[in-house]
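Below, each chain spelled out in residue letters.
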Amino acid sequence: FDALTPETVRQAAEIITRGGLLGIPTETVYGLGANALDVRAVAKIFEAKGRPQDNPLITHVACAEEIPPLVRAIPAAARKLMEAFWPGPMTLILPKADCIPDAVSAGLDTVGIRLPANADARRLIRAAGCPIAAPSANRSGRPSPTTALHVLEDMDGRISGVVDGGPCSVGVESTIIDLT
């Protein structure tokens with residue numbers, strides 16, 4: 001998808017809701033997105049990347065109000081960090097709720113939650129109506145992609161498409177803070 005119009009947002013969101021994989025832009029790196037609540041879709045991430053199953057995925061949300069159903073608790077320190085640094089390149093590790101599949105958390109009792117600053121990513125998450133699990137959109141061991149072309153170089157034929165949001169403004173993965 002070259003430009004995110006209302007129609008292409010709908011089409012991209014449909015890929016996610018139907019269990020497909022989609023390269024999505026964030027301010028950090030491009031992510032390999034799937035419905036974080038769909039075990040089959042999440043399994044496709046591991047297959048496409050060649051990623052070890054014991055490596056947890058980050059769950060992306062469109063707004064902070066989407067977080068409470070995904071976690072058992074939001075500590076006061078987490079709330080302060082959210083207010084100060086979200087949306088942005090910060091992932092918070094929180095105690096996961098039962099709705100988060102073990103495949104997303106690699107069997108841990110925690111989940112990484114992130115609210116990306118990239119407006120296209122948030123529009124897509126909102127349109128999909130679900131949190132999106134999205135590790136970097138590259139084969140495991142390869143450099144993280146910062147353009148849609150990088151995603152296609154690694155993932156062409158393994159995913160349903162890529163939303164081209166231009167080059168990532170940060171270019172490295174988000175900071176992870178464990179608040180458990």
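One can find the structure itself at the top, above this paragraph.
What you are looking at is a predicted structure, and each value in this text was computed from that prediction instead of being measured.

Here we take up the overall build of the protein. Of the regular secondary structure elements, the protein holds 6 helices and 8 strands. Along the protein, from the amino end to the carboxyl end, the secondary structure elements read α-β-β-α-β-α-β-α-β-α-β-α-β-β. Its C-alpha atoms give the protein a radius of gyration of 15 Å, near enough to 16 Å, the size a compact globule of 180 residues would have. Its C-alpha atoms give the protein principal-axis dimensions of roughly 40 × 30 × 30 Å. Buried residues in the protein amount to 51% of all 180 residues.

It is worth spelling out the pattern of salt bridges at this point. Evaluated as defined, the whole model comprises 7 salt bridges. Here arginine 18 makes a salt bridge to glutamate 14, at a shortest N to O gap of 3.3 Å. The exposure class of arginine 18 is exposed, given its relative accessible area of 68%. Residues participating in the shared-partner salt-bridge network are Glu7, Arg10, Glu14 and Arg18.

Before going further, it helps to spend a moment on the environment of alanine 121. Within the secondary structure, alanine 121 is located in helix H5 (residues 119-128). A C-alpha to C-alpha distance of 8.8 Å links alanine 121 and histidine 60, two positions 61 residues apart in sequence. Sequence-distant contacts of alanine 121, defined by excluding residues within four places in its chain, comprise Pro25 and Pro116.

If you trace the 8 strands from one edge of the open sheet to the other, you get S7-S1-S2-S6-S3-S5-S4-S8, paired in mixed fashion. Lying at the two open borders of the sheet, with one neighbouring strand each, are strand S7 (161-162) and strand S8 (175-178). Where strand S1 (residues 22-24) meets S7, 2 bridges bridge the pair, whose relative direction is parallel. In the sheet register, leucine 22 faces S7, and the bridge partner there is glycine 161. Strands in contact with helix H2 (residues 39-49) are strand S2 (31-35) and strand S6 (132-133); relative to S2, the strand with the most contacts, it is inclined by about 155 degrees.

Basis of the calculations
- Residues numbered from 1 in each chain as written.
- Predicted model: local features only at pLDDT ≥ 70, side-chain atom pairs only at ≥ 80, totals over all residues.
- Heavy atoms only, no water.
- Helix = DSSP H or I, 4+ residues; strand = E, 2+ residues; numbered from the N terminus.
- Rg over C-alpha atoms; globule rule 2.2 N^0.38 Å.
- Buried < 20%, exposed > 50% of the residue type's maximum accessible area, 1.4 Å probe, protein only.
- Salt bridge = Lys/Arg side-chain N within 4 Å of Asp/Glu carboxyl O.
- Contact = heavy atoms within 4.5 Å.
- Pairing = 2+ DSSP bridges.
- Axes fitted to C-alpha atoms, helices over the stretch in contact; angles between N-to-C directions.

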